[in-house]
Amino acid sequence: MPAPAPLDPAELPALALATMKAAKFPVLATMDGDQPRLRPVSPVKTDGFTVYVANLRRYGKTAELATNPKAELCYTDDDHNQVRITATAEILTDRPQIEEIWNSNALLRAYLRDINNPELIIYKFTPHRVRYMKEWALEYWELPLS
């Protein structure tokens, strides 16, 4: 396996964001008691390294995140670059942001039909740690959070 090219630390945020854009569907890790649970998710909005994920109230991750809001998202692109976001989940309550997400997502509107559908939850994952790994370097780079 070839060694990855050296990285310029100043390029890390752009490289990580490009990996997230290319990967599109991260895997979300939550805890179900003492058992980790993983599932692919489809973010409805990304603002830098803050990720928003729509969810249904009846889904397993709802209870898991209510019990323990600590989570991790892992994006992996076709070139095997990774971005891992260690975050805390909270239910988004800001109505203008919810409306913005709702209006920009045709699939959400088609599936739930009404922004006031009681099943709809949008989680905001606020990052506490972001790490990037280039290809198979087996070394993570810490990204500064502002």
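- Under an unreviewed UniProt entry, the name given to the protein chain is General stress protein 26, and the organism recorded is Prosthecobacter dejongeii.

**Brief notes about the pattern of salt bridges**
If charged atoms from side chains of opposite charge come close, those side chains can pair.
And step 1. In this structure the tally under the stated criterion is 9 salt bridges.
And step 2. For the salt bridge of E99 with R95, the shortest nitrogen-to-oxygen distance reads 3.0 Å. Pair noted here: E99 and R95 are both in helix 3 (residues 95-104), with a separation of 4 residues, about one helical turn.
And step 3. Judged by its relative accessible area of 34%, E99 falls in the partly exposed class.
And step 4. With a relative accessible area of 37%, R95 lands in the partly exposed category.
And step 5. The partner of R129 in a salt bridge is E142, and the shortest N-O contact between them spans 2.6 Å. Placement of the pair is R129 in strand 7 (residues 120-133) and E142 in strand 8 (residues 141-143), with a sequence separation of 13 residues.
And step 6. One continuous salt-bridge network, built from bridges that share partners, spans E72, R84 and R131.

**So, the environment of R129**
And step 1. Judged by its relative accessible area of 37%, R129 falls in the partly exposed class.
And step 2. The sequence separation of R129 and L107 amounts to 22 residues, and the corresponding C-alpha distance is 30 Å.
And step 3. Not counting residues within four places of it along the chain, the set of residues in contact with R129 comprises R84, I85, T86, E142 and L145.
And step 4. A polar contact is formed between the side chain of R129 and the side chain of E142, at a distance of 2.6 Å.

**Section: the pairing of strand 3 (residues 43-47)**
For a regular strand, the rule is simple: side chains alternate between the two faces of the sheet.
And step 1. Pairing geometry for strand 3 and strand 4 (residues 50-56), over 4 bridges, is antiparallel. From the neighbouring strand, D47 faces strand 4, where its bridge partner is T50.
And step 2. Taking the residues that link successive antiparallel strands as the turn, the strand 3-strand 4 hairpin has 2 residues, and the phi of G48 there is positive, at about 65°.

**Details of the UniProt feature "domain: Pyridoxamine 5'-phosphate oxidase N-terminal" (unreviewed entry) in the protein chain**
And step 1. As recorded in UniProt, the sites labelled "domain: Pyridoxamine 5'-phosphate oxidase N-terminal" (unreviewed entry) are residues 20-133.
And step 2. With 25% helix and 48% strand, residues 20-133 has end C-alpha atoms that lie 12 Å from one another.

**Here we look at the nonpolar core**
And step 1. One finds L73, Y75, V83, I85 and F125 to be the most contacted residues of the largest nonpolar core, which totals 24 residues.
And step 2. When contributions to this core are tallied by element, the ones reaching two or more residues are helix 1 (12-23), strand 4, strand 5 (70-76), strand 6 (82-91) and strand 7.
And step 3. Among the elements that take part in this core, strand 7 stands out by supplying 5 residues, more than any other.
And step 4. Excluding anything up to four places from it in sequence, L73 contacts P26, V27, L28, V41, V51, V83, R84, I85 and F125.
And step 5. I98, I101, W102 and L112 belong to the second-largest nonpolar core, a separate cluster that totals 12 residues.

**Structural notes on the packing of aromatic side chains**
And step 1. Summed over the entire model, instances satisfying the criterion amount to 1 aromatic pair.
And step 2. Relative to F125, the ring of Y123 lies with its centre 6.2 Å away and its plane at 45°, an arrangement referred to as tilted. When sorted by exposure, Y123 lands in the same class as F125, which is buried.
And step 3. When the ring centre of Y140 is taken as reference, the NZ or CZ atom of R131 above it lies at 4.6 Å.

What counts, and at which threshold
- Residues numbered from 1 in each chain as written.
- Predicted model: local features only at pLDDT ≥ 70, side-chain atom pairs only at ≥ 80, totals over all residues.
- Heavy atoms only, no water.
- Salt bridge = Lys/Arg side-chain N within 4 Å of Asp/Glu carboxyl O.
- Helix = DSSP H or I, 4+ residues; strand = E, 2+ residues; numbered from the N terminus.
- Buried < 20%, exposed > 50% of the residue type's maximum accessible area, 1.4 Å probe, protein only.
- Contact = heavy atoms within 4.5 Å.
- Polar contact = N/O pair within 3.5 Å; in protein donor to acceptor, adjacent residues only side chain to side chain.
- Pairing = 2+ DSSP bridges.
- UniProt positions renumbered as here; feature names shortened; annotations may be inferred.
- Core = buried A, V, L, I, M, F, W, Y, C linked by side-chain atoms within 4.5 Å.
- Phe/Tyr/Trp six-rings, centres within 6.5 Å; stacked < 30°, edge-to-face > 60°.
- Lys NZ or Arg CZ within 6 Å of the ring centre and 35° of its normal.

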